[in-house]
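Descriptive structure summary
As a plain string of letters, each chain reads:
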Amino acid sequence: MNLRCVPAQWLRWAFLLLLLPANATERPSRLGVPALALGIVEFTRWPEAQRPVLLCLTLGGPQGKELAAALPAHPLGQRLSLRELPANGELPLACDAMLFEAWNDEAQAATLRRQANRPLLTLGLGPQFCSQGGAVCFGVEAQQAPFEVNTDALARSGLRVSPRVLLLTRGRKAP
């Protein structure tokens, strides 16, 4: 196979697949939430021609801090900007994606309901995040999948996520 004919993004996803655990009893992912979040953002398309994507993060959240530190070396570094917001506050309409961290359940659920029908990629921690209407929930416990996708939330948002992302979630859920 001629590697020059394989798009670079396919190679990155193949590498990502190699790093994900083969079964759900292992640690959810050696890559961690920041790398997975950046990979999902990279393979998401917004309905309108996009300026640089604005990824909003919870102010002071550990996953957000790691993500901000990883961004300069990531291929998205030039096409993504970050903005930190306080937990449990209002989200600006300028946010294209939001990594929820350390929000209380009521504020998070209410915000997800308000943002449900607009092109906002919502990323959060734990399976309850998807139950509240979030689009992508990252596993935080060893027995959880590295991440799950709420396809209903994605459909309501109008965002298009590569089917390859959805394939990564298959066969990796806890028994």
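Structure report, in brief.

Cut-offs applied
- Residues numbered from 1 in each chain as written.
- Predicted model: local features only at pLDDT ≥ 70, side-chain atom pairs only at ≥ 80, totals over all residues.
- Heavy atoms only, no water.
- Axes fitted to C-alpha atoms, helices over the stretch in contact; angles between N-to-C directions.
- Helix = DSSP H or I, 4+ residues; strand = E, 2+ residues; numbered from the N terminus.
- Parallel < 35°, antiparallel > 145°, perpendicular 65-115°, else oblique.
- Left-handed = near helix turned anticlockwise from the far one by under 90°.
- Contact = heavy atoms within 4.5 Å.
- Nonpolar A, V, L, I, M, F, W, Y, C, P; charged D, E, K, R; others polar.
- Buried < 20%, exposed > 50% of the residue type's maximum accessible area, 1.4 Å probe, protein only.
- Pairing = 2+ DSSP bridges.
- Right-handed = clockwise from strand over helix to strand, strands pointing away.

1. Description of the packing of helix H2 (residues 32–42) against helix H3 (residues 62–70)
The N-to-C vectors of H2 and H3 enclose an angle of 60°; their axes lie 8 Å apart at closest approach. Comparing their axes, H3 and H2 come out oblique. In this structure, H2 crosses over H3, and the sense of that crossing is right-handed. Across from Val33, Pro34, Ala37 and Leu38 in H2, the residues of H3 making contact are Gln63, Glu66, Leu67 and Ala70. Along the lines of polarity and charge, the residues of the contact of H2 with H3 split into 6 nonpolar, 1 polar and 1 charged.

2. Here we look at H2
Judged by how many residues are buried, H2 sits mostly within the fold: 9 of 11 residues are covered. Listing the buried residues of H2 in full gives Val33, Pro34, Leu36, Ala37, Leu38, Gly39, Ile40, Val41 and Glu42.

3. Describing the pairing of strand S3 (residues 80–85)
Pairing geometry for strand S2 (residues 53–58) and S3, over 6 bridges, is parallel. Within the sheet, the bridge partner assigned to Leu57 lies in S3 and is Glu84. Remark: the S2/H3/S3 crossover connection has right-handed handedness.

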